[in-house]
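# Observations on chain architecture
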Amino acid sequence: MSTLGVALLGATGSIGETAQRVVARHPDRFRLVALTANGNADELAKAAQRWRPAFVGLVEPAGRAVPATWGSGAQCLVDAAQHPDAQIVLNAVVGAAGLDATLAALAAGKRVALANKETLVIGGTLVQRAVRAKGGSVIPVDSEHSALLQCLAGRIGSSGEGLLPVQGVKRFVITASGGPFRTWDTERIRGAKLSDALNHPTWAMGKKITVDSASLANKALEVIEAHVLFGVPYEKIEVVVHPQSIVHSMVEFEDGSVLAQMGVPSMELPVLYALTYPERLADAGVPRFDPLAHSPLTFEAVRHDAFPTLGLGVAAGKAGGAAPAVFNAANEAAVARVLAGSLDFARIPVAIEGALAKLQGVRGDDRTSLLAADAAARAYVQEMR
Ligand code: NAD
Ligand code: MG
């Protein structure tokens, strides 16, 4: 069997590193043919030396002396995504910056293994059009959506709503760890510090998604992602808190049967599965699950009063148009400010709510209008005092 070429966008990040480990365990199946990073030239150079890919791109060289053969600027993501040696594009870029690479890969008819959930939140309809036009596909890397896909294996149809249309689903139950503030009361969350928000109880991830997990913005993005991927209406998507992060999500079918996918919290399997779907591949790097060691498994209701960001995001998803893009951009801008120390963590939902109110009803039917809404939401949050 010949190997499949993989373009890895965001190679130096948390998912990027996981992907390098997964590919390293399966040299007979996959090879990395293109690598990109944002600004970390040293880590990218190391990865390039290790994998000898046909293409390397650093978005922001910022005056560093990098090899003349490297691509640069946002265009290098598109070039990597369309590289002729790549059959699969693993998009592990964080934020709206990943959108154009997903669209470029789909325009070239490729499989996108998608960690960059922001792509689907901003550009769900654009992605849908691109898939229909060129026959590419989107396979989720996000652990909850990988779980849903695994529960739905064999039931993905070719027609219907969504990128991976399914029939006969009564309900999705998406699990959330609850993050570091799961047991904090509203008053205490109001005083939360950045270091508290970065202290995730079950997952080790990049900083942006770690803050999103503390505010539950991440779960809002994931509800929208599930809707876009599988075409299941919002009314049938529930979120439940599951502090152990063992059950990655559940699907309830028409007859009342519920399937869940379980595993130790680790992205090794979701990354592997997105590369091999619909196949499964024996893999030594996926941690073994021991039900006794991980007992008990518990479930709790979401405390919407303490975590208003989740409701704001789901409402934006339901509103459609530019609202999900505004939600995402306002959240990205707010998280950037929290990480820079110029905004309190507790003000994230305030920023998002303000941006959504200000930009209510703005157009969002093509890439240009969506990116304009994205820019306006960022400007609103950046000017907030
Ligand atoms: P990270 O911050 O660790 O890594 C991000 C990567 O993207 C880095 O390689 C960085 O160089 C690159 N990057 C950052 N900004 C960029 C820009 N403007 N243009 C091009 N490249 C840029 O993030 P991560 O935790 O690996 O998350 C990546 C994506 O995967 C996010 O969308 C996140 O929501 C999603 N995700 C992550 C996890 C996880 O366990 N880390 C789980 C599920 C989903
Ligand atoms: Mg997730």
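Conventions we followed
Residues numbered from 1 in each chain as written. Chains lettered and ligands numbered in written order. Predicted model: local features only at pLDDT ≥ 70, side-chain atom pairs only at ≥ 80, totals over all residues. Heavy atoms only, no water. Near = heavy atom within 4 Å. Polar contact = N/O pair within 3.5 Å; in protein donor to acceptor, adjacent residues only side chain to side chain. Areas by Shrake-Rupley, 256 points an atom, 1.4 Å probe, with all protein chains shown as cover. Nonpolar A, V, L, I, M, F, W, Y, C, P; charged D, E, K, R; others polar. Domains from an automatic or database assignment. Contact = heavy atoms within 4.5 Å. Buried area = accessible area lost by both parts, 1.4 Å probe. Salt bridge = Lys/Arg side-chain N within 4 Å of Asp/Glu carboxyl O.

## Considerations on the site of ligand 1
Around ligand 1 sit 23 residues in total, of which Thr-12, Ser-14, Asn-38, Glu-118 and Gly-206 are the nearest. Here an oxygen atom of ligand 1 sits 3.2 Å away from a polar atom, N or O, in the main chain of Gly-10. Gly-13 places a main-chain nitrogen or oxygen 3.1 Å from an oxygen atom of ligand 1. Protein burial of ligand 1: of its 820 Å² of free accessible surface, 86% is covered by the chains. Classifying every residue of the shell around ligand 1 by side-chain character gives 13 nonpolar, seven polar and three charged. When residues of the shell around ligand 1 are assigned to domains, at least three map to each of domain 1 (4–140) and domain 2 (186–209 + 307–385).

## Here we look at the domain arrangement of the protein
The domain boundaries assigned to the protein delineate domain 1 (4–140) and domain 2 (186–209 + 307–385). Distance from the C-alpha centre of domain 1 to the C-alpha centre of domain 2: 25 Å. Of the residues lining the interface, 13 residues belong to domain 1; the matching set on domain 2 comes to 16 residues. Carbon and sulfur atoms supply 59% of the area buried between domain 1 and domain 2, which totals about 1000 Å² over both sides. Contact with domain 2 buries surface across domain 1, with Val-121, Ile-122 and Leu-126 losing the most and accounting together for 39% of the total. Inspection of the region where domain 1 meets domain 2 yields two salt bridges. Here Glu-118 ties to Lys-208 by a salt bridge, and the two come within 2.9 Å at their closest N and O atoms.

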